[in-house]
Amino acid sequence: AICACLGSSNPRNIYNNAAEVSGTVTSIRVICKKKPKKIGTLKVSYIPLIDRYLIGLSNNFGGGIVEWYKNFFIKKNYYQELKKSYLKGSNYFYFFPFIFGDRDMGFHQTSRGVFYGLGSNANVHDLTKSVLDSAGFSSKYLFNRISKDLNSRKISSVTLSGGLSRLDFLNKIKAQLFGIKTYICRDFESTSLG
């Protein structure tokens, strides 16, 4: 997560940019010159080589949810079918994506995923929309936690990378949810860059 976040940093806005890396897990971090006095439940990692702090959170969602869904529902032409299915979904229920537990300090490892409000009229497209929206909302949740705990700093942009950043329609969902300038790394393998 540390290398990925360093690799997806925005050099034009390095201290007010959040790096969101969604591979198997999702990690959102910001780079700081100094360790904040008050960090709440955020994870702080000091990087001696660059004399900076990476502050943020991770969870077990992101690509893990998408891979779980792929193995469970869609077998061929995965990414094309996923987008088609998503666009056909009505999504009138919610998916709480704790199928792998959670790494966030506010939850327990024994948490599990659940569809809430699922009705007899739901179809596979509704499930697809619900699952992918949950990946976006999970990132938004982490972003909000970081923004709240680092309230003295303004995060004015976010850079997306990792395997899920190859799904342009999911990037657009996240950009709408973040409500700030959102960039995509040219090389989604941001860990190697970091």
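Since the structure is predicted, the reported quantities are computational estimates derived from the model, not experimental observations.

A. Spotlight on the packing of helix H3 (residues 78-88) against helix H4 (residues 124-149). In the contact formed by H3 and H4, the axes pass within 7 Å of each other and the chain directions differ by 100°. By the criterion of interaxial angle, the relationship of H3 to H4 is roughly perpendicular. Where H3 abuts H4, its residues Leu-82, Ser-85, Tyr-86 and Lys-88 lie against Val-124, His-125, Thr-128, Lys-129, Leu-132 and Asp-133. By residue class, the composition of the contact of H3 with H4 is four nonpolar, three polar and three charged.

B. Structural detail: the pattern of salt bridges. Inspection of every chain in the model, using the stated rule, returns four salt bridges. Note that Lys-174 is salt-bridged to Glu-20, the shortest N-O span being 2.8 Å. Of this pair, Lys-174 sits in helix H5 (residues 168-178) while Glu-20 is found in strand S1 (residues 17-22), placing the two residues 154 residues apart along the sequence. With respect to class, Lys-174 is no different from Glu-20; both count as buried. In this structure, Lys-172 and Asp-168 form a salt bridge, with 3.3 Å as the shortest nitrogen-oxygen distance. With Lys-172 and Asp-168 both in helix H5, this residue pair falls four residues apart, about one helical turn.

C. Spotlight on the nonpolar core. Judged by nonpolar contacts, the single largest core of 17 residues is most densely connected at Val-66, Leu-82, Leu-132, Leu-167 and Phe-169. Those residues in contact with Phe-169 that lie beyond four places of it in its chain are Leu-82, Lys-83, Tyr-86 and Leu-132. One finds Cys-32, Leu-150, Ile-155 and Phe-178 within the second-largest nonpolar core, a separate group that totals 16 residues.

D. Structural detail: the pairing of S1. Among the six residues that make up S1, six are buried, leaving the element largely enclosed by the rest of the structure. Burial of S1 is two-sided: the residues Asn-17, Ala-19 and Val-21 facing one way and the residues Ala-18, Glu-20 and Ser-22 facing the other way are all buried. Note: S1 against strand S7 (residues 157-161), five bridges, orientation parallel. Each residue of the ladder has a partner; that of Glu-20, found in S7, is Leu-160. Summarising the sheet, S1 and strand S2 (residues 26-32) pair through five bridges and their orientation is antiparallel. Counterpart to Ser-22 in the pairing with S2 is Thr-26. Between the antiparallel neighbours S1 and S2 lie three residues.

E. How the structure looks around helix H2 (residues 63-72). Listed in full, the buried residues belonging to H2 are Gly-63, Gly-64, Ile-65, Val-66 and Tyr-69. Summarising the contacts, the buried residues of H2 are in contact with H3, strand S5 (94-96) and H4.

F. Broad picture of unusual backbone geometry. Even without a glycine there, the phi angle at Asp-51 is positive, about 55°. Residue position: Asp-51 is located in the loop between strand S3 (43-47) and strand S4 (52-59).

G. Representation of empty space enclosed by the protein within the structure. According to the stated counting rule, one finds one cavity of 30 Å³ or more in the structure shown. When its volume is computed, the largest cavity comes out at roughly 50 Å³. Lining the largest cavity, in full, are Cys-5, Ser-9, Asn-10, Ile-14, Asn-17, Ala-18, Ala-19, Arg-29, Val-30, Ile-31 and Leu-54. Broken down by secondary-structure element, the contributors of at least two residues to the lining of the largest cavity are S1 and S2. Looking at the lining of the largest cavity residue by residue, the classes come out as seven nonpolar, three polar and one charged.

About the criteria used
- Residues numbered from 1 in each chain as written.
- Predicted model: local features only at pLDDT ≥ 70, side-chain atom pairs only at ≥ 80, totals over all residues.
- Heavy atoms only, no water.
- Axes fitted to C-alpha atoms, helices over the stretch in contact; angles between N-to-C directions.
- Helix = DSSP H or I, 4+ residues; strand = E, 2+ residues; numbered from the N terminus.
- Parallel < 35°, antiparallel > 145°, perpendicular 65-115°, else oblique.
- Contact = heavy atoms within 4.5 Å.
- Nonpolar A, V, L, I, M, F, W, Y, C, P; charged D, E, K, R; others polar.
- Salt bridge = Lys/Arg side-chain N within 4 Å of Asp/Glu carboxyl O.
- Buried < 20%, exposed > 50% of the residue type's maximum accessible area, 1.4 Å probe, protein only.
- Core = buried A, V, L, I, M, F, W, Y, C linked by side-chain atoms within 4.5 Å.
- Pairing = 2+ DSSP bridges.
- 1 Å grid on protein atoms, 1.4 Å probe; cavity = no way out; pocket = protein on both sides within 12 Å on 5 of 7 lines; lining within 4 Å.
- Points joined across faces, edges and corners; volume = space filled by probe spheres on them.

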